Amino acid sequence: MAAPPKVKPKWIIDTHGMREALSTSSNKIRAAVIDAIESGEMLLLKAVSDELKKLYPDLWDDFKEIKNKKYHATTVPAIHAASLLTEKYGASILGSVPTREHFQAVAVARILKCKLVSAGKALTNCQGICTKCGLPSNSAVSLDFVSSHA
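Starting from 1, residues in each chain are numbered consecutively following that chain's sequence as written. Local features in this predicted model are restricted to residues whose pLDDT is 70 or higher, and side-chain atom pairs enter the listing and the counts only when it is 80 or higher, whereas totals over whole chains, interfaces and linings include all residues. Side-chain metrics rest on all non-hydrogen atoms present in the structure, leaving aside hydrogens and water.

Let us look at the nonpolar core. Looking at soluble globular proteins, one finds that nonpolar side chains tend to be buried together. Nonpolar cores are built from buried Ala, Val, Leu, Ile, Met, Phe, Trp, Tyr and Cys residues. Side-chain atoms within 4.5 Å join them into one set. Throughout this description, buried means an accessible area under 20% of the type-specific maximum (1.4 Å probe, protein chains only), exposed means over 50%, and partly exposed covers the range between. Judged by nonpolar contacts, the single largest core of 44 residues is most densely connected at Met18, Val33, Met42 and Phe63. Put simply, DSSP marks the helices as runs of H or I at least four residues long and the strands as runs of E at least two long, and each gets a number from the N terminus on. In terms of residues, this core owes the most to one element, helix H6 (residues 100–112), which gives six residues.

Here you go:
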């Protein structure tokens, strides 16, 4: 019996997006994100698990129930690409807003040819990075985008 075809990831989600997906009142959004993660269409940034456990213990049990989670660590090429984005953006490397993590999340998404899924101020910051650095406007998207394209 042949192995099922490998699914190419479309999205990568950060902690802010995952927190919002697990706490939203929209069952459609929550289901779309969980389905995308379980099918392999959505990866999680490596920090998501630790950050959710530490910062949002009330969501931890729901997060643990998601099957087949696949993580992507921030690699050296992503850190280098994030540094280049930081320079292009014009932000100071130390203590800047957007934060180093926002630049790294955008860089990881670009390297993987995925859309970054985020929420709140983090999404706004990542979209600002994309705009100011000349990246496609849909490089960083909200949970609504995922649910409408799942």
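On we go.
Glancing now at the sheet that holds strand S4 (residues 115–117). By definition, the strands of a sheet pair up through backbone hydrogen bonds, in either a parallel or an antiparallel sense. Note on pairing: DSSP must find at least two bridges between two strands before they are called paired. If you walk across this open sheet you meet the five strands as S3-S2-S1-S4-S5, and the pairing is parallel. If you trace the sheet from one side to the other, it starts and ends with strand S3 (71–72) and strand S5 (140–141), each paired once. Strand direction decides the pairing type here: strand S1 (residues 11–13) and strand S2 (residues 42–45), joined by three bridges, are parallel. Along S2, the bridge assignment pairs tryptophan 11 with methionine 42. Lying on the sheet, helix H2 (residues 27–39) is in contact with S1 and S2; it crosses S2 at an angle near 90 degrees. Here, residues are in contact when the closest pair of their heavy atoms is within 4.5 Å. Every axis in this analysis is a line fitted to C-alpha atoms, fitted for helices over the stretch in contact. Angles between the N-to-C directions lie between 0 and 180 degrees.

For the rest of this paragraph, the subject is the side chain of glutamine 104. Inspection of the secondary structure assignment puts glutamine 104 in helix H6. When sequence neighbours within four positions are dropped, the list of residues in contact with glutamine 104 reads Thr74, Ile79 and Ala82.

For Phe, Tyr and Trp, rings pair up if their centres lie within 6.5 Å, where Trp contributes its six-membered ring, and each pair is then called stacked (planes under 30 degrees apart), edge-to-face (over 60) or tilted (otherwise). Counting across every chain of the model gives two aromatic pairs. Taking the centre distance of 5.6 Å and the plane angle of 35 degrees together, the rings of tryptophan 60 and phenylalanine 63 count as tilted. Separated by three residues within a single helix, tryptophan 60 and phenylalanine 63 lie in helix H4 (residues 57–64), roughly one turn from each other. Neither tryptophan 60 nor phenylalanine 63 differs from the other in exposure class; each is buried. Ring centres of tyrosine 89 and phenylalanine 103 lie 5.4 Å apart, and the angle between their planes is 80 degrees; on these two criteria the pair is classed as edge-to-face.

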